[in-house]
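# Structural characterization, general
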Amino acid sequence: MDEAIVLKYDISPDDFTRAGEASSDVKGKLKQLGVSPEAIRKVAIAMYEGEINMVIHANGGEITVEITPVDIKMVLADVGPGIPDVEQAMKAGYSTAPDEVRSLGFGAGMGLPNMKKYTDDMAIETKLGVGTTITMIVKM
């Protein structure tokens, strides 16, 4: 791979039947490119967690993945309500997911902590009433 490969995915709000399709597609493409299993695992977990968060909390959005020989960069951009308290949201177990989402097995409050745990770098930009952009990087 000499140049960057860019993949884009539209994430639908409240569509739990399709949630995870983007991260699964990226996982398959990374396997085809011969990326290390460890990097693939980290990308798949972090991206899936972000994708689920976008479905639950953020009215969907767009994920852009840039694959280079050096790293895999995932940018998750939404137009949701924003995150009122990022520090609180980063605490394991903290969740604002409604009961009906929890009854589906989602919303345990591990999304953002797992995204940070499985990436080499993560940045959150959020503005209340405007949306959130999370940039995650996994090194090859």
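Here, residues in each chain are numbered from 1, in the same order as that chain's written sequence. Per-residue local features of the predicted model are confined to residues with pLDDT of at least 70, and side-chain atom pairs are confined, for both listing and counting, to 80 or more; whole-chain, interface and lining totals are unaffected and use all residues. The side-chain values count all of the structure's non-hydrogen atoms but skip hydrogen atoms and water molecules.

### Description of the overall build of the protein chain
The numbering of helices and of strands both runs from the N terminus, where a helix is a DSSP run of H or I of at least 4 residues and a strand a run of E of at least 2. Looking only at helices and strands, one finds five helices and five strands in the protein chain. Starting at the N terminus and ending at the C terminus, the protein chain contains elements arranged as β-α-α-β-β-α-α-α-β-β. Computed over the C-alpha atoms, the radius of gyration of the protein chain is 14 Å, within 12% of the 14 Å expected from 2.2 N^0.38 for a compact globule of 140 residues. With respect to the three principal axes, the spread of C-alpha positions in the protein chain is 45 × 30 × 25 Å. Accessible area is worked out with a 1.4 Å probe on protein chains only. A residue is then buried under 20% of its type maximum, exposed over 50%, and partly exposed in between. Sorting the 140 residues of the protein chain into buried and exposed places 44% on the buried side. What makes two residues a contact is simply this: any of their non-hydrogen atoms within 4.5 Å. A fraction of 62% describes how many contacts in the protein chain between residues 6 or more apart in sequence connect residues 24 or more apart. Total accessible area on the protein chain stands at roughly 7,500 Å², and carbon and sulfur atoms take up 50% of it. Counting 14 positive and 21 negative side-chain charges, the protein chain places the averaged centre of each group 5 Å from the other. Only C-alpha atoms enter the radius of gyration; for comparison, a globular chain is expected to reach 2.2 Å times N to the power 0.38, where N is the number of residues. Accessible surface area values rest on a Shrake-Rupley calculation with a 1.4 Å probe, where residue burial reflects the displayed protein chains alone. Positive charges come from Lys and Arg, negative ones from Asp and Glu, while His and the chain ends are left out of the count. Lysine's charge is taken at NZ, arginine's at CZ, aspartate's at CG and glutamate's at CD.

### Structural notes on the pattern of salt bridges
Put simply, a salt bridge is a Lys or Arg side-chain nitrogen that is within 4 Å of an Asp or Glu carboxyl oxygen. If you walk through the whole model with that rule in mind, you get four salt bridges. Of the charged contacts, one joins R18 and E21 as a salt bridge, the two residues approaching to 3.1 Å between their closest N and O atoms. Residue class for R18 comes out partly exposed when judged on its relative accessible area of 41%. When its relative accessible area of 42% is taken as the criterion, E21 is described as partly exposed.

### Quick look at the confidence of the model for the protein chain
Scored from 0 to 100, pLDDT records how confident the predictor is in each individual residue. On average, residues of the protein chain score 93 in pLDDT, and 99% of them are at 70 or above. Within the protein chain, strand β3 (residues 71-77) carries the highest mean pLDDT (98), whereas helix α4 (residues 99-102) carries the lowest (84).

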